[in-house]
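Structural overview for review
Here is how the chains run, residue by residue.
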Amino acid sequence: MSEPLTYSYYGGSAHRWPPQPRLDGDRYCDVVVIGGGFTGLAAALACAERGFSVILLEKEKIAFGASGRNGGQLIPGLRWTASELEKDFGPERADALFELCWRQNRVKARIQKHNIDCDLKAGHLEAAWTSADFDAMRREAEYLSARFGYQSDVVAKPGMGAHIGSKLYHGGIYDLQGGHFHPINYAIGLGKAALAAGVNILEDCRAFGVEDGVQPVVSALGGAIRASHVILAADSWMSEIWMRDGEPRLGRYTVPIMNYNIATAPLANADTLLPSDAAVADSRFVLNYFRLSADKRLIFGGGERYSQTPPRDIAAFVRPFMAQVFPQIADAKIDYGWGGAVAVTMNRLPHIGRRGNVFYAHGFSGHGALVTTLAGELIAEAMAGTAERFDVLANLPSKPFPGGKWLRRPLATLGLLYYAMKDKLG
Ligand SMILES: Cc1cc2nc3c(=O)[nH]c(=O)nc-3n(C[C@H](O)[C@H](O)[C@H](O)COP(=O)(O)OP(=O)(O)OC[C@H]3O[C@@H](n4cnc5c(N)ncnc54)[C@H](O)[C@@H]3O)c2cc1C
């Protein structure tokens, strides 16, 4: 589905990760984790810390999926605003969701605990594409402050120059609780911590299916593994893993939307583009998101494709979006271009839950850099017997996409194209 990471800035600047063995014969353990992205790695590590014996299966290398391809933007919360959550789910659930998804920064805690070197920087700016967007942002910031005591800076248009060297935006919200990081190096840090905690990470090892039951069995390339629990953390690839009776058919809950990133060559004027070194995401439906790397490249994501085929020239595809925001670097040299699949749910909230002894978490809808670590850790907590916090996420509503196997993607695409068109019309 996604192309290799060869041309990714992250792949090119990744710390050393020793190749892990393949599965060689049948095994037994307490927990099998399928998928070596943030969700799977965080879950595996947290399970091992609780004394479970854990085998993690990754069909390629760890961080092969979205976790190794994303914009590195750490944005507190979920795709819904806190006021939307409160409106739909009531004050009690809003409190619980706020506590977990805004207040807790498990990524920062992991980085500190394991001393992970991944260029962590504080500061996230949500930039308003229209003045109506800015009004809505300001109202939400006021609500967050009054309701939860959550502080962020409302930046009116004249003040935007302190954060961004672009005249496009109508204001924004600067949040020091957000920030950015180098995603592959974070994943490698989690992977090393997991190995040190005793997790068996097996690479080039595709899981084919799960026979669930009291002791589920995972069949995989190289053997079968019997376990007490299984964690499905394969995100955009969930539909490729069969379950004995076809349920819960997790693949029906997401569609993969391809999204592309570029990294320029290091820029002499980088600090004039983003003077406060914040990560920026704008308020368009097909959003632009960008930030500086530690070596002063602009990493820019923009434009979505509803076809799975990547553009022949990723740099040429993304450059116009970058040039619209930063005309001063319209012709900058682009060193890397890469893409990945964002697993999007119907309502843009993650789909998390359990069915018997099989847990799952996927569909973070482009907002997974922070919440995936939380989800993985809460699965381990639930497995160890305390499900209260896991249930806060597991109780989020979810619906499969309509249309069955063949129509699901075209129908979802039509809906997304409609909103993309609205963006263009302003
Ligand atoms: C281009 C892009 C930009 C993004 N930008 C941001 C951002 O700036 N901020 C943000 O918050 N979120 C962003 N996201 C979303 C975020 O990256 C994801 O939500 C998050 O990484 C999902 O992590 P995961 O571990 O659940 O899934 P993944 O990282 O996709 O991991 C799934 C893993 O499972 C493995 N796998 C699949 N099938 C099998 C199988 N059968 N057997 C064994 N292994 C299997 C895959 O190889 C993969 O490594 C972005 C996503 C993309 C694609």
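Heads up: these notes are all about the structure in this document. (Residues numbered from 1 in each chain as written. Predicted model: local features only at pLDDT ≥ 70, side-chain atom pairs only at ≥ 80, totals over all residues. Heavy atoms only, no water.)

**Structural notes on the pattern of salt bridges**
What the rule picks out here adds up to 18 salt bridges. Among the ionic pairs, Lys 113 bridges to Glu 49, the shortest N-O distance being 3.1 Å. With Lys 113 in helix α4 (residues 106-114) and Glu 49 in helix α2 (residues 38-49), this pair connects stretches of sequence that are 64 residues apart. Under the relative-accessibility criterion, Lys 113 is labelled exposed at 56%. Relative accessible area serves as the criterion here: at 38%, Glu 49 is assigned to the partly exposed category. The partner of Arg 297 in a salt bridge is Asp 295, with the nearest N and O atoms 3.0 Å apart. Judged by relative accessible area, which is 9%, Arg 297 ranks as buried. Given a relative accessible area of 31%, Asp 295 falls into the partly exposed group. Connected through salt bridges with shared partners, the residues Glu 49, Arg 106, Arg 110, Lys 113 and Glu 377 form a single ionic network. (Salt bridge = Lys/Arg side-chain N within 4 Å of Asp/Glu carboxyl O. Helix = DSSP H or I, 4+ residues; strand = E, 2+ residues; numbered from the N terminus. Buried < 20%, exposed > 50% of the residue type's maximum accessible area, 1.4 Å probe, protein only.)

**Quick word on the site of the ligand**
Within the structure, the ligand sits among 38 residues, and Thr 39, Glu 58, Ser 67, Gln 73 and Ala 369 are positioned closest to it. In this structure, an oxygen atom belonging to the ligand sits 2.5 Å away from a side-chain N or O atom of Ser 67. Within the contact set of the ligand, a nitrogen atom lies 2.9 Å away from a backbone nitrogen or oxygen of Ala 207. Taking 1,000 Å² as the accessible area of the ligand by itself, protein coverage stands at 98%. Within the residue set of the shell around the ligand, elements represented by two or more residues are α2, β12 (254-264) and β16 (334-345). Among the elements that take part in the shell around the ligand, β16 stands out by supplying three residues, more than any other. (Near = heavy atom within 4 Å. Polar contact = N/O pair within 3.5 Å; in protein donor to acceptor, adjacent residues only side chain to side chain. Areas by Shrake-Rupley, 256 points an atom, 1.4 Å probe, with all protein chains shown as cover.)

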